[in-house]
Amino acid sequence: SKSLSDEENLKLFGKCNNPNGHGHNYKVIVTVRGEIDPVSGMVINLTDLKKYMQEAIMEPLDHKNLDKDVPYFAEVVSTTENVAVFIWENLKKLLPVGTLYKVKVYETDQNIVVYKGEETI
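Here, residues in each chain are numbered from 1, in the same order as that chain's written sequence. pLDDT decides what is reported in this predicted model: residues at 70 or higher carry local features, side-chain atom pairs at 80 or more are listed and counted, and totals for whole chains, interfaces and linings draw on all residues regardless. Here the side-chain values reflect all heavy atoms present in the structure, with hydrogen atoms and water set aside.

The condition is simple: UniProt positions are given in the numbering used here, feature names are shortened, and annotations may be inferred rather than shown by experiment.
As annotated in an unreviewed UniProt entry, the protein chain carries the name 6-pyruvoyl tetrahydrobiopterin synthase and comes from Pterocles gutturalis. Per UniProt, the comment on the protein chain under Pathway (unreviewed entry) is "Cofactor biosynthesis; tetrahydrobiopterin biosynthesis; tetrahydrobiopterin from 7,8-dihydroneopterin triphosphate: step 1/3." Recorded in UniProt under Cofactor (unreviewed entry), the annotation for the protein chain is "Zn(2+)".

As for the packing of helix 2 (residues 46-61) against helix 4 (residues 80-94)
When two helices pack together, their arrangement is given by the angle between their axes and by how far apart the axes lie. Defined as follows: Orientation is described by lines fitted to C-alpha atoms, with helices fitted over the stretch in contact, and by angles between N-to-C directions that extend from 0 to 180 degrees. What counts as a helix is a DSSP run of H or I of at least four residues, what counts as a strand is a run of E of at least two, and both are numbered from the N terminus. An angle counts as roughly parallel when it lies under 35 degrees, as roughly antiparallel when it exceeds 145, as roughly perpendicular when it falls between 65 and 115, and as oblique in every other case. Crossings are assigned a handedness: left-handed for a near helix turned anticlockwise from the far helix by less than a right angle, right-handed for a clockwise turn. Only heavy atoms matter for contacts: two residues are in contact if any of them lie within 4.5 Å across the pair. All amino acids are sorted into three groups, where Ala, Val, Leu, Ile, Met, Phe, Trp, Tyr, Cys and Pro are nonpolar, Asp, Glu, Lys and Arg are charged, and the leftover types, Gly among them, are polar.
At a minimum axis distance of 8 Å, the contact between helix 2 and helix 4 shows a crossing angle of 140 degrees. As the angle between them shows, helix 2 and helix 4 are arranged oblique. The crossing of helix 2 and helix 4 is right-handed. Note on element contacts: helix 4 touches helix 2 through V83, F86, I87, N90, L91 and L94, opposite Y52, M53, E55, A56, I57, P60 and L61. Grouping the constituent residues of the contact of helix 2 with helix 4 by class yields eleven nonpolar, one polar and one charged.

Looking at the packing of aromatic side chains
Short version of the rule: Pairing of aromatic rings covers Phe, Tyr and the six-membered ring of Trp, with a centre-to-centre limit of 6.5 Å; geometry is then stacked below 30 degrees between planes, edge-to-face above 60, and tilted otherwise. Exposure categories follow from relative accessible area, calculated using a 1.4 Å probe and restricted to protein chains: below 20% of the type maximum is buried, above 50% is exposed, and the middle band is partly exposed. We count a charge as sitting over a ring when the NZ of a lysine or the CZ of an arginine lies within 6 Å of the ring centre and within 35 degrees of the ring normal.
Tallied over the entire structure, the rule returns four aromatic pairs. Here the aromatic rings of F73 and F86 are separated by 5.6 Å at their centres, their planes lie at 45 degrees, and the arrangement is tilted. Of this pair, F73 sits in the loop between helix 3 (66-69) and helix 4 while F86 sits in helix 4; the two residues are 13 residues apart in sequence, bridging distant segments of the chain. In this structure, F73 and F86 share a single accessibility class: buried. Ring centres 5.6 Å apart and planes at 90 degrees place the aromatic pair W88 and Y115 in the edge-to-face group. With a gap of 27 residues between them, W88 in helix 4 and Y115 in strand 3 (residues 112-115) connect regions that are remote in the sequence. When sorted by exposure, W88 lands in the same class as Y115, which is buried. Three or more aromatic residues link up through ring pairs in this structure, and these residues are Y72, F73 and F86. The lysine or arginine in question, K27, covers the ring of Y106, its NZ or CZ lying 4.9 Å from the ring centre.

Looking at the sheet that holds strand 3
This is how it is decided: Strand pairing is defined by DSSP finding a minimum of two bridges between the two strands.
Spatial strand order, 1-2-3: three strands in an open sheet with antiparallel pairing. The open sheet has two edge strands, strand 1 (27-32) and strand 3, and neither has a second partner. For this sheet, the mean inter-axis angle between neighbouring strands, taken without regard to orientation, is 15 degrees. Lying over the sheet, helix 4 contacts strand 1, strand 2 (100-106) and strand 3, oriented at roughly 145 degrees with respect to strand 2.

See below:
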């Protein structure tokens, strides 16, 4: 985080605090919800969903240095939580209104983030 000192970054991020960056092979699961189309039997056509995921996830993020190659992360710390928010926001723009339910991002088998958008009470 640019807003923290080197010591604070080391304490907060541990081994992930590498000034030269480090890589992850994220796994992303997208869950949709809605009425099931009586003809297709689907909430959303899977071919369309794959196309939206390609545009919202793969094109901007795949094989990229998030901090250097993705403008969103120039000012936002590239934690898995923020990667999930980025994916949510990109997909939300493409999917039919109300169909996006959940984005699950696996950084590792043990580090998983689930994001369902901002909930208002």
